[in-house]
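Residue strings, one per chain:
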Amino acid sequence: CGDRVGLLATHDGHLMLFVNSQLTYLVSYCEVPWANDPPLHALIDLDGSIQALKLMDNNGVPPAEVLEFLGGLRVSEFQRFEALEDLRARESFTQAATKSLEATPLPPLPLTT
């Protein structure tokens, strides 16, 4: 009784569920359409234990803690992306170097007795 539940779909495509201002679930990059065409609607399933429901609108502005969390998520995703790009560049370099070595025949070794 008295719990507050919040749902936030971010511009980055994340879907976040809050219970009493605490992030409970985060679905990353679930590609929730952000454009207002078609608009997003919330569906509330009321069962027998619900006594009251009050819908509140904060004009779409999440609390500062949520904005900080999203900023940290963007930074970590950017760092992960950069690390993946570095790995891909190293792999491409290694493959090119291997092909270059395979294409260049080695001179025969001199025979010694």
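Residues numbered from 1 in each chain as written. Predicted model: local features only at pLDDT ≥ 70, side-chain atom pairs only at ≥ 80, totals over all residues. Heavy atoms only, no water.

- An unreviewed UniProt entry lists the protein chain under the name NHR domain-containing protein, from Durusdinium trenchii.

Overview of the pairing of strand β3 (residues 22–27)
The side chains of a regular strand alternate between both faces of the sheet.
Line of reasoning, step 1. Note: strand β2 (residues 15–19) against β3, 5 bridges, orientation antiparallel. Its bridge partner being in β3, leucine 15 is matched across the sheet by valine 27.
Line of reasoning, step 2. The antiparallel pairing of β2 with β3 creates a hairpin that spans 2 residues between the two strands, and asparagine 20 there sits at a positive phi of about 55°. (Pairing = 2+ DSSP bridges. Helix = DSSP H or I, 4+ residues; strand = E, 2+ residues; numbered from the N terminus.)

Remarks on the sheet that holds β2
Line of reasoning, step 1. Sheet architecture is open: 3 strands sit in the order β1-β2-β3, paired in antiparallel fashion. Each end of this open sheet is capped by a strand with a single partner; those strands are β1 (5–9) and β3. When strand polarity is set aside, the average angle formed by the axes of neighbouring strands in this sheet is 20°.
Line of reasoning, step 2. Relative to β2, β1 is paired through 5 bridges, and the arrangement is antiparallel. Looking at β2, one finds that valine 5 is bridged to valine 19. (Axes fitted to C-alpha atoms, helices over the stretch in contact; angles between N-to-C directions.)

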